[in-house]
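Coordinates in review
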Amino acid sequence: RLSANHIPQLFSIVVANVLLLLTLALIHRCVAAFAPAGAGVRAFEGALIAAATLGLIYFTYPHGSLAARSFILSLAALGIAMLSGRTLLACPNAAVRTPCRATAGLYAAFALTSAARCIGVLLHDTPHEFFTASLSNLIGVLGFQILIVGVPLGYFWISSTSLWASQNQLALTDPLTGLPNRRAL
């Protein structure tokens, strides 16, 4: 039975963090639209989010620990970022390979900040309140700023490059036969 103070914690801590992880997984699904991921990736995403959700619930109610919740959230974000970066680096389309690699670099920077935050939490740099200044909180905010600002620009670059390549291909070939037209010759 949930008491009156558990329900606000459920929404402010658990649901908010799970929505953040679901957003990261949705961003990874957008990555998979440009560079198809291998089999089992969705199962890995689901298992990662389910494990993080259970960990967030456990470290909110029976053992309230901000450090453990920060570690779980950073570790899950690290896993999704590494998965997205690996998917982008394996992009088979030569036309969008450069923007995919640049966006994978941004994911690597986000993964490094998530790993640094995990190490900071393990070294007990996490305060008892989230909004207290600490090095691990600063690193976490920096990582999410990289993700929020850089990755959409990378996706814009990937999509515009892909669109340019397809339009260029259409301009140089005959739509009926697929043979080169006079512009290509």
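Residues numbered from 1 in each chain as written. Predicted model: local features only at pLDDT ≥ 70, side-chain atom pairs only at ≥ 80, totals over all residues. Heavy atoms only, no water.

1. Considering the overall build of the chain
Per the secondary structure count, the chain includes five helices and zero strands. Listing every helix and strand of the chain by position from the N terminus yields α-α-α-α-α. Considering the chain as a whole, with its 185 residues, one finds that 38% of them fall into the buried category. Counting contacts in the chain only where the partners sit at least 6 residues apart, residues at least 24 apart contribute 68% of the total. When the accessible surface of the chain is split by element, carbon and sulfur atoms take 71% of a total near 10,800 Å². (Helix = DSSP H or I, 4+ residues; strand = E, 2+ residues; numbered from the N terminus. Buried < 20%, exposed > 50% of the residue type's maximum accessible area, 1.4 Å probe, protein only. Contact = heavy atoms within 4.5 Å. Areas by Shrake-Rupley, 256 points an atom, 1.4 Å probe, with all protein chains shown as cover.)

2. Regarding the confidence of the model for the chain
Taken over all residues, the pLDDT of the chain has a mean of 80, while the share at 70 or more is 87%. Of all the helices and strands in the chain, helix α1 (residues 6–34) carries the lowest mean pLDDT, 77, while helix α4 (residues 97–122) carries the highest, 87. (pLDDT = per-residue confidence, 0-100.)

3. A few points about the packing of α4 against helix α5 (residues 135–172)
Two elements in contact, α4 and α5, have axes separated by 9 Å at closest approach and are oriented at 170°. The angle between α4 and α5 falls in the class roughly antiparallel. Crossing angle aside, the handedness with which α4 passes α5 is left-handed. For the contact of α4 with α5, the residue count by class is 16 nonpolar, eleven polar and one charged. (Axes fitted to C-alpha atoms, helices over the stretch in contact; angles between N-to-C directions. Parallel < 35°, antiparallel > 145°, perpendicular 65-115°, else oblique. Left-handed = near helix turned anticlockwise from the far one by under 90°. Nonpolar A, V, L, I, M, F, W, Y, C, P; charged D, E, K, R; others polar.)

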